[in-house]
Amino acid sequence: LGYEDDDLEGRYENWEGLLHPEDRDRTLSTVHAYLSGQASVFELEYRLRHKNGSYRWILARGILIQDEQGKPYRMAGSHVDITDRKQADADRQEQAQRLYAIVDNAIDGIITITEHGLIESFNPAAERLFGYTAGEMLGQNVKRLMPEPYQSEHDGYLANYRRTGEAKIIGVGREVVGRRKDGSVFPLE
């Protein structure tokens, strides 16, 4: 954090003053709960002010050291700077939010599935196209959107792809037939 050892050593008030205002209450209540025996493990992420005024994310882990009567008199532990990891997590989350915004606002129906054919996402355009809500389809097998004989064959195509890595249908643009919630079928690409 840019401080010399004797700037902070043994001065709890100085450490407390370095806490980010948004993390202060949560951090202090967690520390006090641990010191009073309400929590058995101390592990917490919070921000501390660097000597240059910026804030760094810290992962703190500690153990309570007690005297012969069982009274706590010290906490020993470690502080690890996790600022880069937290920034990478925030960047990934922002990127995912942008991607979801694009998918949710696309005019084309977009459905993503797991390798086992279970629907992970079902955008609003897919809702309009198939007549199902995303809530009805998430976690369902995508074959539900297909008429026979494709419905019965679909799991076999996915199993073959998982086994061999050979895509006969997956990733290939082609015209197929879809089935709406009302049972009607329609061509789609």
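Within each chain, residue numbers correspond to sequence positions counted from 1 in written order. Local features in a predicted model are, by the rule used here, given only for residues with pLDDT of at least 70; side-chain atom pairs are given and counted only at 80 or more, and totals for whole chains, interfaces and linings are based on all residues. Side-chain numbers come from the whole structure's heavy atoms, not from hydrogens or water.

## Section: helix α7 (residues 150-164)
- What counts as a helix is a DSSP run of H or I of at least four residues, what counts as a strand is a run of E of at least two, and both are numbered from the N terminus. Multiply 1.5 Å by the residue count of a helix minus one, and that product is the helix's expected span. Across its 15 residues, α7 extends 20 Å between first and last C-alpha, which sits within 8% of the 21 Å expected from 1.5 Å per residue.
- Exposure is judged per residue with a 1.4 Å probe applied to protein chains only, and the accessible area is read against the type maximum: over 50% gives exposed, under 20% gives buried, and values in between give partly exposed. Of the residues making up α7, those classed as buried are Q151, H154, L158 and N160. Buried residues in α7, looked at end-on, bunch into an arc of 160 degrees, giving them a common side. Every exposed residue of α7 that faces more than 90 degrees away from the buried side is listed here: S152 and R163.
- In this structure, the buried residues of α7 make contact with β6 (176-179).
- Immediately downstream of α7, the backbone of G165 shows phi near 80 degrees, a positive value. The arc in question is traced by the directions running from the helix axis to the C-beta atoms. Contact between two residues is taken to exist if any of their heavy atoms lie within 4.5 Å; hydrogens are not considered.

## Considerations on the pairing of strand β2 (residues 55-66)
- For two strands to be treated as a pair, DSSP must find no fewer than two bridges joining them. Both strand β1 (residues 42-49) and β2 contribute to a ladder of 8 bridges, which runs antiparallel. By the bridge assignment for β2, L44 is matched with A60.
- Counting the residues in the hairpin turn of β1 and β2 gives 5 residues, including G53, whose phi is positive at 100 degrees.
- Direction of pairing for β2 relative to strand β3 (residues 72-81): antiparallel, over a ladder of 9 bridges. In the sheet register, I63 faces β3, and the bridge partner there is A76.
- Two successive antiparallel strands, β2 and β3, enclose a turn made up of 5 residues, where G70 displays a positive phi of approximately 85 degrees.

## Here's the deal with the nonpolar core
- Grouped together as the largest cluster of nonpolar side chains are 12 residues: W15, L18, L19, L28, V31, Y34, F42, L44, Y46, L48, I58 and A60.
- Where this core is concerned, the elements lending two or more residues are α3 (24-35), β1 and β2.
- Considering every element that reaches this core, the biggest residue donor is β1, with 4 residues.
- In this structure A60 touches F42, E43, L44, Y46, S78 and H79, once residues within four positions along its chain are discounted.
- Counting 11 residues, the second largest nonpolar core, distinct from the first, contains F122, Y132, M137 and L145. Residues belong to one nonpolar core when they are buried, are Ala, Val, Leu, Ile, Met, Phe, Trp, Tyr or Cys, and are joined through side-chain atoms within 4.5 Å.

## Quick look at the pattern of salt bridges
- By salt bridge we mean one thing: a side-chain nitrogen of Lys or Arg within 4 Å of a carboxyl oxygen of Asp or Glu. Following the criterion strictly, the structure yields 13 salt bridges and no others.
- In this structure, the salt-bridge partner of K181 is E136, at a minimum N-O distance of 2.7 Å. On the criterion of sequence distance, the pair formed by K181 in the loop between β6 and β7 (185-188) and E136 in helix α6 (residues 134-137) is long-range, its members being 45 residues apart.
- With a relative accessible area of 28%, E136 lands in the partly exposed category.

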